[in-house]
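Secondary and tertiary structure notes
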Amino acid sequence: MRLSCSVNGTPREVDDVWEGESLLYVLRERMGLPGSKNACEQGECGSCTVYLDDVPVCACLVAAGQAQGREVGTVEGLAPAGELHPVQEAFLEAGAVQCGFCTPGLLVATDDLVARTRAEGRKPADAEIREALAGNLCRCTGYEKILDAVRLAADRMAGDAR
Amino acid sequence: MDFLQPATWAEALEAKAAAREAVPIAGGTDVMVAVNFGRLRPTTLIDLTRVPELQEWGLDDGAVRLGAGVPYARVITELGGRLPGLAMAARTIGSPQIRNRGTVGGNLATASPAGDAHPALLAAGAEVEVASVRGTRRIPVSEFYRGVKRSALADDELIAAVRIRPPAGPQQYSKIGTRNAMVIAVAAFGLALHPDRRAVGTGIGSAAPTPRRAPEAEEFLAGELDGLWESRGELPAATAGRFGELVAAAAAPIDDVRGTAAYRVHALSVMARRTLTWAWADYRKGDPTCA
Amino acid sequence: MSTPTRAPSGAPAHLTGAGGGIGADAQRPDGVLKVRGEFAYGSDLWMDDMLWGVTLRSPHPYARIRSIDVGPALAVPGVHAVLTSDDVPGEKVYGLELADQPVLALDVVRYQGEPVALVAADHPDTARRAAARVVVDYEVWEPVTDARTALGHPTWNQVHETPAEVTELSRESAHLHPQGNLVRHLKIRRGDPEPTADVVVIGEYEVGMQDQAFLGPESGLAVPAEDGGVDLYVATQWLHVDQRQICAALGMPEDKVRLTLAGVGGAFGGREDLSMHVHACLLALHTGRPVKMSYNREESFFGHVHRHPATMRYEHGATRDGDLVYVRATIYLDGGAYASSTPAVVGNAGTMGLGPYVVPNVHVDCYGAYTNNPPCGAMRGFGSVQTAFAYESQMDALAAELGMDPVELRCRNAMEEGSVTPNGQVVDSAAPVVELLRRLEAMPMPPAPATGADVDLRDMPGGVSNTTHGEGVRRGVGYAVAYKNVAFSEGFDDHSTARVRLEVVGGEAVATVHTAAAEVGQGLVTVEQQIARTELGVERVVVAPKDTAVGSAGSTSASRQTYVTGGAVKAACEAVRERVLSRARDLVGRAVPDLRLDGGKVVSDGEGVALTLAEVLADDVVEETLEWRHRRTEPIDPETGQGFAHVQYAFSAHRAVVDVDTELGLVKVVEMACTQDVGKAINPQAVIGQIQGGTAQGLGLAVMEEILVRDGRVQNPSFTDYLIPTVLDMPPMRIEVLEYADPHAPYGLRGVGEAPNISSGPAVLAAIRQATGLPLTRVPVRPEHLTGT
């Protein structure tokens, strides 16, 4: 089947999609966007987290056809080419990236959390960060530096808002 | 494989009638796992995410009519006051990403004994509204589950909604997992006090071939509460303990990778006792949101 | 040679404001690519005309293959090849230490998940469907699923009655391999063979099978080359030992099999053995097309070795004052169907199995056995994780028996510099065991658990699942300390190779570091840059892609790469520097005694800038390739276990604070504190990251992580049922890093990665034990153990 959707603001169309393929497979193998990762393909790790119409979801659990006509946002679209999003910068500075396989999904989940709390004029509390990121497994960091990165990004983005 | 995307409820029902073996997909949190790992290869997938009627909830004849396609995240943010037990259950489900996609309708359609919504639906006395081109019928949720991952749904039917009466009293939900997030229930328990009917609702998850109620426990507790409803007096510890034992006695669990049968029985008795204690404390406070 | 459209990413040459030499928190050179989603992991590799390879695996743990019919699979449209062991042109078995594992099943399969056949097709789903149509006729045999049964050894109860060794073959199970079921038996005999003591504590312990659970699945892309060879891009831990094994299986010389490291999504030991390496090469050579293989999560559980499950019996004797007199230990490690690195794991478990304590009289027997369980091999901590649960539980039990504080007992018996280990080796650099423990004790404790209306469910055992509002919750505190050898032991020729180049590009001095050392996430690429910056005084350092075009760097394991490859890079830099300074002296035309490289210039403290590198080098390139070795170790004596076996020791200690819902058996780890001596922190931020990550894996094994195997079959090969800690399971950490230089090591550094993985779990277990008062002799601790159900 043919699939048309918007990915990172760009209209995309791919043909010959098998109906059982996930959105993750289509992004990675048919659209040349392997940033979203394939760690479990069962919704248990969050490595493939993307925005589907502005809502973070596991791309591995979205049937490709369900994205027809929708807006998809991936890690590749967080910042314009040659730039870094504050969340990306914070992950680098805080040392929150080791092997990096969980990073794309965590960045999308963090971006969502920070954007939501910022819209409410506040920064996320630690317990809130933990609950918001509980769907993103990381095997390298023990999460401490990921928490540091989220706090850093939230601080900086709150600063921007003032 | 065909991939159908009905735009209306009528189209969806026609599609299901025409291809009875078709698998409906909403949040995909069960279906896509099976497809990804080659365990499910349906001839037809019916995508229900474009049927507007399924994405809505509203009040109908005194009940909340929750469209089968409303994701758990919205149950938590929009229905925490009206469906407290279900919202508590929803908060324990998977991860934020899963709650953004997964639906109560999907939980019912899969009818896993470990589905997190079931104990809350059972305790609240929900009804499942199912439909086909033949018409619509309502099934009490306690009659919906027919076996391990089997339900009362006919092969031409789809789940339209669940209907739940707003609570007249406190509700609680408790679930055992061996991790603090993203975990399938080892055992779960839902409790609803119905002071308006002088009744008690229960729901047991992951501890029998199907989700089930604990009727003896409900009757026992309703009897013990006779008189206490009005006085809002203290609940004897022995009553809570006995209630826990009766809930546990209603379970018929097995040993599996997630836990032993003996532990499940034990955990149910503790969860039932504790949730009753919390619910009764809320009731005594006369919390207006619960009363 | 054609290269993939998405090839492994080289490191970008420069990162603004993120550099720095040793001791700085330099940022990873691959970090920008990783946060942009552009870093090419093994599973991201892609070529236009590539095929997808899949593996058909045995459903049985033990069976004879009567026949294989690939016809139905070949008939599936879109299928390009179906291969079996008949299609393996070279050696049909491989292995890290012993070549005993079939590339594809021969006549017998010895574990569930053993590869039987391969399929290449134009879509992964087509390949999977075709693989399911291969007809394999099995004669199913009864599996051997217990290490002691496999060896014919008595159960513990019988051991109590007959302490003498029982190894007679007549009582042994059916041999799974021609040489029998014993992979290695390590003996340590030291001091009085019949010691007696005032106080004796005996305990039996069990550790479940842990999985590395790296997130990036086994994956790679094999590309057939015009010279008849093959180029393999693969996520792995040790390119050259992979190459050696692949060449043997393909029957090809090393110059025909070239490996390049693809992006690695974590390793933790699980990529030290081959997975899809040979398979992808076979399919690529057979079809003449590039072939990508990428396991899904379920297959990953069958596609790599795991941590050895262990059963252990310890007997500790001490004086009434708490001085250890003797330890007798018997340790069984279940190696599963094939040897993998079991011999070396036995070596570690045996020689360091008593912990960082001085024990005058030692009697250790450590066995590694073949069974029909999943093969076990390398995992972070490598034999020391298992024994640490036992020896630290024993120290707590002994403290209780003596009425002594557990930390006091540990300090009283702690190793220090100059102590002698059970294998008779003098600890010849800092061993600050006492200080590690005292510093932990001095750290503030977390606040008491909230109660009543203040309860935030996320802080309670059970979390938002709403199982307690404080009912049944009891707090416990536990301590543990551990030590671990760094680098390869027992006489292994453990070296690394570095090629370092210095040149001037566009007026700027640029160093290039080329090693084959696998970057698996730990940050070795950063360390390589930092060392080059420090040694060559340049800011811009390019890390070349990791490949077999340079000599072996050894394995990314055993906490060894910063030490060994770091040592090689340092040495190569020094050689380059010497040549540059020599040229500079020639140019200056006289002796300037304090010439050095700094800021891209040749400078002298006495005379200021002498020359720019552009002046010294012009268009020339200075390049040196060096093989570097740490000091030699030696094999241990087979009868006594004595010998200088280990290069270096790393020490760490943990304090765990837990809240346990004692009625429901649910655990919330409230805080982890860690102290570790790292000798010299080359990158302090990365060091902390290793400690935090290692702590999480130890915590996971203590409370949730286990591959459940029943009758040789894995029951939970998924992230749904193999649980690793989430961010809600990992508590905040307090960390203090000590830097006591090891005079034998480059910069005085110590390997960092494994020690914190070893001491964290036993501390959690001790804390749960204190909260519950239960003996708890098995990990992971399950709710059933805490509730008696």
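Because the structure is a prediction, the values reported are computed rather than measured.

**Structural notes on the UniProt feature "domain: Aldehyde oxidase/xanthine dehydrogenase a/b hammerhead" (unreviewed entry) in chain C**
Taking the UniProt record as the reference, the feature "domain: Aldehyde oxidase/xanthine dehydrogenase a/b hammerhead" (unreviewed entry) is found at residues 36-142 of chain C. For residues 36-142 of chain C, the helix share is 12%, the strand share is 36%, and the end-to-end C-alpha distance is 51 Å.

**Thoughts on the sheet that holds strand 25 (residues 622-629) of chain C**
Residues and elements named next belong to chain C. An order of 21-20-19-25 is seen for the four strands of this open sheet, with the pairing classed as mixed. Two strands close off the open sheet at either side, each with one partner strand: strand 21 (540-543) and strand 25. Looking at each pair of strands side by side, their axes are set apart by 20° on average, direction ignored. By the bridge criterion, four bridges tie strand 20 (residues 508-514) to strand 21 in an arrangement that is parallel. Looking at the pairing, V513 lines up with V543 of strand 21. Relative to the sheet, helix 13 (residues 524-536) contacts strand 19 (495-505), strand 20 and strand 21, its axis offset from that of strand 21 by approximately 140°. On the sheet, helix 14 (residues 561-588) packs against strand 19, strand 20 and strand 25 and is oriented at approximately 145° with respect to strand 25.

**Looking at unusual backbone geometry**
For the peptide bond that leads from V779 of chain C to P780 of chain C, omega is -5°, which places it in the cis range. Tracing the chain through its elements places P780 of chain C in the loop between strand 31 (778-779) and helix 18 (783-787). Residue D53 of chain A is not a glycine yet carries a positive backbone phi of 50°. Mapping D53 of chain A onto the fold places it in the loop between strand 3 (49-52) and strand 4 (55-58). With a phi angle near 40°, F382 of chain C is a residue other than glycine that sits in the positive phi range. Inspection of the secondary structure puts F382 of chain C in the loop between strand 17 (361-369) and helix 10 (384-402).

**Things to note about the interface of chain B and chain C**
Across the contact, 32 residues belong to chain B and 42 residues belong to chain C. Of the roughly 3,100 Å² buried where chain B meets chain C, counting both sides, 50% is carbon and sulfur surface. The interface formed by chain B and chain C holds six salt bridges in total. Of the charged contacts in the structure, one is a salt bridge between D721 of chain C and R258 of chain B, with a shortest N-O distance of 2.6 Å. Joining chain B to chain C, the criterion identifies 23 residue pairs in polar contact (both at pLDDT 80 or more). Elements supplying a minimum of two residues to the side of chain B that touches chain C: helix 4 (84-91), strand 11 (171-176) and helix 11 (261-285) of chain B. With eight residues, helix 11 of chain B is the single largest residue contributor to the side of chain B that touches chain C.

**Overview of the pattern of salt bridges**
Residue and element names in this part refer to chain B. Counting across every chain of the model gives 90 salt bridges over all chains. The partner of D155 in a salt bridge is R20, and the shortest N-O contact between them spans 3.0 Å. Within this pair, whereas D155 is found in the loop between strand 9 (150-151) and strand 10 (158-164), its partner R20 is found in the loop between helix 1 (9-18) and strand 2 (23-25), the two being separated by 135 residues in sequence. Among the residues examined, R20 registers a relative accessible area of 42% and is labelled partly exposed.

**Some remarks on the domain arrangement of chain A**
All names here are of chain A. Considered domain by domain, chain A is made up of domain 1 (3-77) and domain 2 (86-161). Placing a centre on the C-alpha atoms of domain 1 and another on those of domain 2 gives a separation of 22 Å. Contact between domain 1 and domain 2 buries roughly 1,000 Å² in total, counting both sides, with carbon and sulfur atoms accounting for 62%. Together, T49, Y51 and V75 form the three largest contributors to the area buried by domain 1 at its contact with domain 2, with a combined 41%. Applying the counting criterion to the domain 1 and domain 2 interface returns five residue pairs in polar contact (both at pLDDT 80 or more). With three residues, the top contributor of residues to the side of domain 1 that touches domain 2 is strand 3. Here the residues of the side of domain 1 that touches domain 2 are counted per class, giving six nonpolar, six polar and three charged.

**A look at the domain arrangement of chain C**
Residues and elements named next belong to chain C. Partitioning chain C into domains gives domain 1 (43-142 + 212-303) and domain 2 (495-629). Each of domain 1 and domain 2 has a C-alpha centre, and the two are 38 Å apart. Taken together, the 15 residues of domain 1 in the interface contact 15 residues of domain 2. Interface area for domain 1 against domain 2, summed over the two sides, is near 1,100 Å², with a carbon-plus-sulfur share of 56%. On the domain 1 side of the contact with domain 2, Q237, H240 and L261 bury the most area, a combined 44% of that side's loss. At the boundary of domain 1 with domain 2, the tally comes to zero salt bridges. Inspection of the domain 1/domain 2 interface yields eight residue pairs in polar contact (both at pLDDT 80 or more). Where the side of domain 1 that touches domain 2 is concerned, the elements lending two or more residues are helix 6 (239-250) and strand 13 (257-261). Ranked by the residues each element gives to the side of domain 1 that touches domain 2, the list is headed by strand 13, at five residues. Its residues placed into classes, the side of domain 1 that touches domain 2 shows seven nonpolar, six polar and two charged.

**Topic: the interface of chain A and chain C**
Contacts between the two partners involve 57 residues from chain A and, on the opposite side, 63 residues from chain C. Taking both partners together, chain A and chain C bury about 4,500 Å²; carbon and sulfur atoms supply 55% of that area. Where chain A meets chain C, there are five salt bridges. Here D44 of chain C makes a salt bridge to R28 of chain A, at a shortest N to O gap of 2.8 Å. Counting the contacts that link chain A with chain C gives 31 residue pairs in polar contact (both at pLDDT 80 or more). Among the elements of the structure, helix 1 (23-30), helix 2 (86-94), helix 3 (103-119), helix 4 (126-132) and helix 5 (144-161) of chain A are those that each provide at least two residues to the side of chain A that touches chain C.

About the criteria used
- Residues numbered from 1 in each chain as written.
- Chains lettered and ligands numbered in written order.
- Predicted model: local features only at pLDDT ≥ 70, side-chain atom pairs only at ≥ 80, totals over all residues.
- Heavy atoms only, no water.
- UniProt positions renumbered as here; feature names shortened; annotations may be inferred.
- Helix = DSSP H or I, 4+ residues; strand = E, 2+ residues; numbered from the N terminus.
- Pairing = 2+ DSSP bridges.
- Axes fitted to C-alpha atoms, helices over the stretch in contact; angles between N-to-C directions.
- Contact = heavy atoms within 4.5 Å.
- Buried area = accessible area lost by both parts, 1.4 Å probe.
- Salt bridge = Lys/Arg side-chain N within 4 Å of Asp/Glu carboxyl O.
- Polar contact = N/O pair within 3.5 Å; in protein donor to acceptor, adjacent residues only side chain to side chain.
- Buried < 20%, exposed > 50% of the residue type's maximum accessible area, 1.4 Å probe, protein only.
- Domains from an automatic or database assignment.
- Nonpolar A, V, L, I, M, F, W, Y, C, P; charged D, E, K, R; others polar.

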